[in-house]
Amino acid sequence: MGKEKRVAIYPGTFDPLTNGHFCLVDRGLDIFDQIIVAVAHDSPKNPLFTLEERVEMAKEVFAGEPRIIVEPFAGLLIDYARKKKAKAILRGLRAVSDFEYEFQMALMNRKLDPMIQTVFLMTDYRWLYISSTIIKDVAKLGGNIHGLVPEVVEKKLLERFGKKGQG
Ligand code: COA
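Residues numbered from 1 in each chain as written. Predicted model: local features only at pLDDT ≥ 70, side-chain atom pairs only at ≥ 80, totals over all residues. Heavy atoms only, no water.

Colleague: Can you walk me through the overall build of the chain in this structure?
Modeller: A tally of regular secondary structure across the chain gives six helices and five strands. Each helix (α) and strand (β) of the chain, taken in turn from the N terminus, gives the series β-α-β-α-β-α-β-α-β-α-α. A compact globule built from 167 residues would reach a C-alpha radius of gyration of about 15 Å, and the chain, at 16 Å, matches this within 12%. Referenced to the eigenvectors of the C-alpha coordinate spread, the extents of the chain come out at roughly 55 × 35 × 30 Å. (Helix = DSSP H or I, 4+ residues; strand = E, 2+ residues; numbered from the N terminus. Rg over C-alpha atoms; globule rule 2.2 N^0.38 Å.)

See the structure below:
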């Protein structure tokens, strides 16, 4: 009998995807056979990029890695995870400030389905201080975000806000 594939869902708004997200997915592949990067349709964050743009950017970033699938999702995360036969939800933790929110989500998701575990990985120290919001703020004001986001994302941000950030 073949071994069952260990599938994890990595959910988020990804507005936009940063090197922090990328690094976490990359490390997640050491644990899981397949990771589904699930881009949230509904977000209270009022995203800068449309759902299609966020999905497209993430697809470009992970192109060439067959173990990673990028998809949009709507509704309850746990329903989506069940539909995808995922064993786990993968989340990153940066600092103490992330903990309370992540703890609450993990417990609620476990209440909704105790068979799906939330697995946390500590963000690499290089990305501890970045978030999608801070990247957007810096790019908008013409600061240099090179090396903090994948190239595809950098290009898209420069297109959106103009090329002031270069150099
Ligand atoms: N390194 C650096 N930064 C990171 C990071 C990493 N490894 N991982 C996350 N971040 C940052 C992100 O850039 C983001 O920054 P922002 O707040 O400035 O946008 C922040 O941490 C958290 O974002 P993300 O990981 O993308 O998650 P989210 O909070 O945007 O997504 C959902 C939350 C979509 C997963 C959650 O709302 C959800 O599950 N929704 C579906 C509905 C549902 O089921 N609700 C009940 C849940 S119990």
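Colleague: Mind showing me how you'd approach the side chain of Lys-136 here?
Modeller: Mapped onto the secondary structure, Lys-136 falls in helix H5 (residues 132–140). Once residues within four sequence positions are removed from consideration, Lys-136 is found in contact with Asp-15, Pro-16, Leu-48, Leu-157 and Phe-161. (Contact = heavy atoms within 4.5 Å.)

Colleague: Please explain the nonpolar core as it appears in this structure.
Modeller: Soluble, globular proteins show a tendency: their nonpolar side chains are buried together. If you look at the biggest cluster of nonpolar residues, it comprises 33 residues, and the most contacted ones within it are Phe-62 and Leu-90. Secondary-structure elements contributing two or more residues to this core are strand S1 (7–12), helix H1 (19–28), strand S2 (34–40), helix H2 (51–62), strand S3 (68–73), strand S4 (88–93), H5 and helix H6 (151–161). Ranked by the residues each element gives to this core, the list is headed by H2, at six residues. Residues Ile-9, Ile-78, Ala-81 and Ala-86 belong to the second largest nonpolar core, which totals 13 residues. (Core = buried A, V, L, I, M, F, W, Y, C linked by side-chain atoms within 4.5 Å. Buried < 20%, exposed > 50% of the residue type's maximum accessible area, 1.4 Å probe, protein only.)

Colleague: Quick question: what am I supposed to make of the side chain of Arg-91 here?
Modeller: In this fold, Arg-91 is placed in strand S4. Side-chain polar atoms of Arg-91 contact the backbone oxygen of Pro-11, separated by 2.8 Å. Discounting residues that sit within four places of it in the chain, Arg-91 has contacts with Tyr-10, Pro-11, Gly-12, Leu-24, Tyr-101, Glu-102, Met-105, Thr-118, Val-119, Phe-120 and Leu-121. (Polar contact = N/O pair within 3.5 Å; in protein donor to acceptor, adjacent residues only side chain to side chain.)

Colleague: What am I meant to see in the packing of H2 against H6 here?
Modeller: Packed helices, taken two at a time, are described by their axes: the angle between them and the distance between them. Contact geometry for H2 and H6: axes closest at 9 Å, N-to-C directions at 145°. On the side of H2, the interface is formed by Glu-53, Met-57, Glu-60 and Val-61, while H6 contributes Val-152, Val-153, Lys-156 and Arg-160. Grouping the amino acids of the contact of H2 with H6 by side-chain chemistry returns four nonpolar, no polar and four charged. (Axes fitted to C-alpha atoms, helices over the stretch in contact; angles between N-to-C directions. Nonpolar A, V, L, I, M, F, W, Y, C, P; charged D, E, K, R; others polar.)

Colleague: I tried to follow the pattern of salt bridges on my own but got confused; where do I start?
Modeller: Side-chain pairing between opposite charges can occur once the charged atoms of the two side chains come close. As enumerated under the stated definition, the model contains 13 salt bridges in all. The salt bridge involving Asp-33 is made with Arg-6; its shortest N-O contact spans 3.6 Å. A residue pair is termed long-range when its members are at least 10 positions apart, and Asp-33 in the loop between H1 and S2 and Arg-6 in the segment before S1 qualify at 27 residues. Among the residues examined, Asp-33 registers a relative accessible area of 25% and is labelled partly exposed. A relative accessible area of 37% places Arg-6 in the partly exposed class. (Salt bridge = Lys/Arg side-chain N within 4 Å of Asp/Glu carboxyl O.)

Colleague: Help me understand the environment of Asp-124 in this model?
Modeller: Tracing the backbone through its elements, the reader meets Asp-124 in the loop between strand S5 (117–122) and H5. Each C-alpha atom of the pair Asp-124 and Gly-20 lies 7.3 Å from the other, and the pair is 104 residues apart in sequence. Asp-124 has contacts with Cys-23 and Arg-27, leaving out every residue within four places of it along the chain.

Taken by themselves, the reported measurements are silent on function.
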